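Topology and contacts: notes
So the chains spell out like this:
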Amino acid sequence: MNVTVFGTGYVGLVQGAILANVGHHVVCVDVDAEKVDKLTQGIIPIYEPGLEALVKENSAAGRLRFTTDAAAGVAHGAVQFIAVGTPPDEDGSADLQYVLKVAETIAEHMQAHRIIVDKSTVPVGTADKVRARVAQVLEQRGETALSFDVVSNPEFLKEGSAVADCQKPDRIIIGTEDDHSVEVMRELYAPFNRNHEKIIVMDVKSAELTKYAANCMLATKISFMNEMANLAERLGADIEAVRQGIGSDPRIGYQFIYPGVGYGGSCFPKDVQALIRAADAIDFDAKVLKAVEKRNYQQKTTLFEKILAHFDGDLSGRTFALWGLAFKPNTDDMREAPSRVLMEALWAAGAQVQAYDPEAMEETQRLYADRDVLSLCGTKEAALKNADALVIVTDWQSFKAPDFDLIKQKLSQPTIFDGRNMYDPKRMARKGFTYYSVGRQAAF
Ligand code: NAD
């Protein structure tokens, strides 16, 4: 099938690559000429395991092309994916300007029936807005006889395992009431729907809400566990024991119940906020979601508070080694990363940061190029040199079993603040560390 994808970010690029890999002919359109240029040369602007090989192979096979030429993109695909950003606008609602711009572009150039697919995360009612915008432009063009459908097909990939998630999706949500669109979408996704039925067809609004409901449920699990962690810490319990204890109940399960430093990234914070605003707009008070957001906001400062308390409220002149900058492992994404809240609080308190991350150094450099209070170090060991303490923010695999003797040797004080509960407190105390973690008692 011929497919066009607008937007070559995490979602659009991965979607384009996996569709091309099963034999579809994919044209990816982006307004960012530099990005398109790089992609055409096989240079991938983001870090995502397996993506580079997929893009290179399918480009070489002629099934995957990148362009800024929107007209060519619209001419190419019977299916036109919209996979552009939906960032929060000033009040936290989803900003639909990029989505509606693509809708307009498609309408300006289409010469035959098109299935327009909202892949971006968009509020309930967006498909109607896209439909109205397309109809309006077609009317201006005097082409009211041209037919089209707007389908909601939200994306559930996780950054860090985006390729694998798209190749083996848990479910494929198709929101439309048009039988022809369902048939076309089924054909498009047939290669990913072989093992068992994964396609769930529903009305457009339910499909749009499904995406928000999924992200908000996951964010709720995280905030709930962080709340329990705060309680455990204050009541003398151990959240890791509690986690095991509740995860063993199949109705709860072990997934997504890790306490930590709060959720970040480009999706959970903005999607929770957007659903709250959407609820406000219809005078519905989304009480649970507001609490989820509040807990997360507070959780991002808990590590800083522990550091401040340990150093008797004075961090001026102190230096901290920071392991992990990305909002989670296996990505270079720094959007809403808890590390940013922590670093900015440390700097405001007069401290310096020596940081290391396996993938997010370039992005951190771009964000904080002007900060002389930040040194980016080439290795996790280099970040430790003469620091007053080690602070762990992201649970990268390579931080799981470090050389503790070396850490002790390099730090000026053997103190660790672990925002991901990576180590056993008793063992850390035996090794001579003062060790703080989340939802557990400090060990020394
Ligand atoms: P992104 O910011 O990484 O990429 C968006 C791309 O769209 C950019 O390359 C930008 O240049 C391009 N673009 C903007 N306007 C355009 C236009 N008119 N024509 C063509 N290209 C245009 O965004 P992303 O992370 O890929 O997210 C895209 C959408 O998918 C968002 O709604 C997001 O909420 C949703 N989503 C993201 C993830 C994720 O993990 N990143 C997961 C599921 C869903």
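Parameters and conventions
- Residues numbered from 1 in each chain as written.
- Predicted model: local features only at pLDDT ≥ 70, side-chain atom pairs only at ≥ 80, totals over all residues.
- UniProt positions renumbered as here; feature names shortened; annotations may be inferred.
- Helix = DSSP H or I, 4+ residues; strand = E, 2+ residues; numbered from the N terminus.
- Rg over C-alpha atoms; globule rule 2.2 N^0.38 Å.
- Buried ≥ 20, exposed ≤ 12 C-beta atoms within 10 Å, placed from the backbone.
- Contact = placed C-beta atoms within 7 Å.
- Domains from an automatic or database assignment.
- Nonpolar A, V, L, I, M, F, W, Y, C, P; charged D, E, K, R; others polar.
- Core = buried A, V, L, I, M, F, W, Y, C linked by C-beta atoms within 7 Å.
- Pairing = 2+ DSSP bridges.
- Axes fitted to C-alpha atoms, helices over the stretch in contact; angles between N-to-C directions.

The chain goes by UDP-glucose 6-dehydrogenase in an unreviewed UniProt entry, where it is assigned to Vreelandella zhuhanensis. The record in UniProt for the chain states the following under Pathway (unreviewed entry): "Nucleotide-sugar biosynthesis; UDP-alpha-D-glucuronate biosynthesis; UDP-alpha-D-glucuronate from UDP-alpha-D-glucose: step 1/1."

**So, the overall build of the chain**
Scanning the chain from N- to C-terminus turns up 17 helices and 14 strands. Since a compact globule built from 444 residues should have a radius of gyration of about 22 Å, the 24 Å found for the chain is in line with a globular shape. Evaluated residue by residue, the chain yields a buried proportion of 46% over its 444 residues. For the chain, contacts bridging at least 24 residues in sequence account for 70% of all contacts bridging at least 6.

**Here we look at the UniProt feature "active site" (unreviewed entry) in the chain**
Taking the UniProt record as the reference, the feature "active site" (unreviewed entry) is found at Cys267. Here cysteine 267 lies in the loop between α10 (239-247) and α11 (268-281). If near-sequence neighbours (up to four positions away) are discounted, cysteine 267 is found in contact with Thr121 and Asn215.

**Things to note about unusual backbone geometry**
Trans is the prevailing form of peptide bonds, just as negative phi is the prevailing case for residues other than glycine. The residue asparagine 330 is not glycine, and still its phi comes out positive at about 65 degrees. Mapped onto the fold, asparagine 330 is located in the loop between β9 (319-323) and α14 (338-348).

**A few points about the domain arrangement of the chain**
What the domain assignment lists for the chain is domain 1 (2-202), domain 2 (212-298) and domain 3 (300-436). The distance between the C-alpha centroids of domain 1 and domain 3 comes to 38 Å. Domain 1 puts 6 residues into the contact, and the matching count from domain 3 is 7 residues. Residues of the side of domain 1 that touches domain 3, tallied by class, amount to 3 nonpolar, 2 polar and 1 charged.

**Details of the nonpolar core**
Counting residues in each nonpolar core, the largest one holds 78 residues, and the members touching the most others are Val14, Ile82 and Ile116. It is helix α9 (residues 204-235) that contributes the most residues to this core, 10 residues altogether. Not counting residues within four places of it along the chain, the set of residues in contact with valine 14 comprises Glu48, Leu51, Leu157, Ala162, Val163 and Cys166. In terms of nonpolar packing, the next biggest core, distinct from the first, is built from 44 residues, Val341, Ala387, Ile392 and Tyr435 among them.

**Some thoughts on the UniProt feature "binding site: NAD(+)" (unreviewed entry) in the chain**
Per the UniProt record, the feature "binding site: NAD(+)" (unreviewed entry) sits at Asp30, Lys35, Thr86, Thr121, Glu159, Lys270 and Arg335. For the residues just named, distributed over 306 residues, the greatest C-alpha separation reaches 24.3 Å, placing them at more than one site. What makes glutamate 159 buried here is the crowd of 24 C-beta atoms within 10 Å. Leaving out residues up to four positions away in the same chain, glutamate 159 has contacts with Tyr10, Gly265, Thr331 and Asp333. With respect to the element layout, arginine 335 can be found in the loop between β9 and α14. Ignoring any residue separated from it by four or fewer positions in sequence, one finds arginine 335 in contact with Gly265, Ser266 and Phe327.

**Re the sheet that holds strand β13 (residues 415-418)**
Across the sheet, which stays open at both edges, the 6 strands sit in the order β11-β10-β9-β12-β13-β14 with parallel pairing between neighbours. A single partner strand is all that each edge strand has here, and the edge strands are β11 (374-376) and β14 (434-436). With direction set aside, neighbouring strand axes in the sheet form an average angle of 20 degrees. Relative to β11, strand β10 (residues 352-356) is paired through 3 bridges, and the arrangement is parallel. If you follow valine 353 over to β11, its bridge partner there is leucine 374. Where helix α13 (residues 302-310) meets the sheet, its contacts fall on β12 (389-392), β13 and β14, and the angle it forms with β13 comes to roughly 160 degrees. Sheet strands in contact with α14 are β9, β10, β11 and β12, and its direction is about 175 degrees off that of β9.

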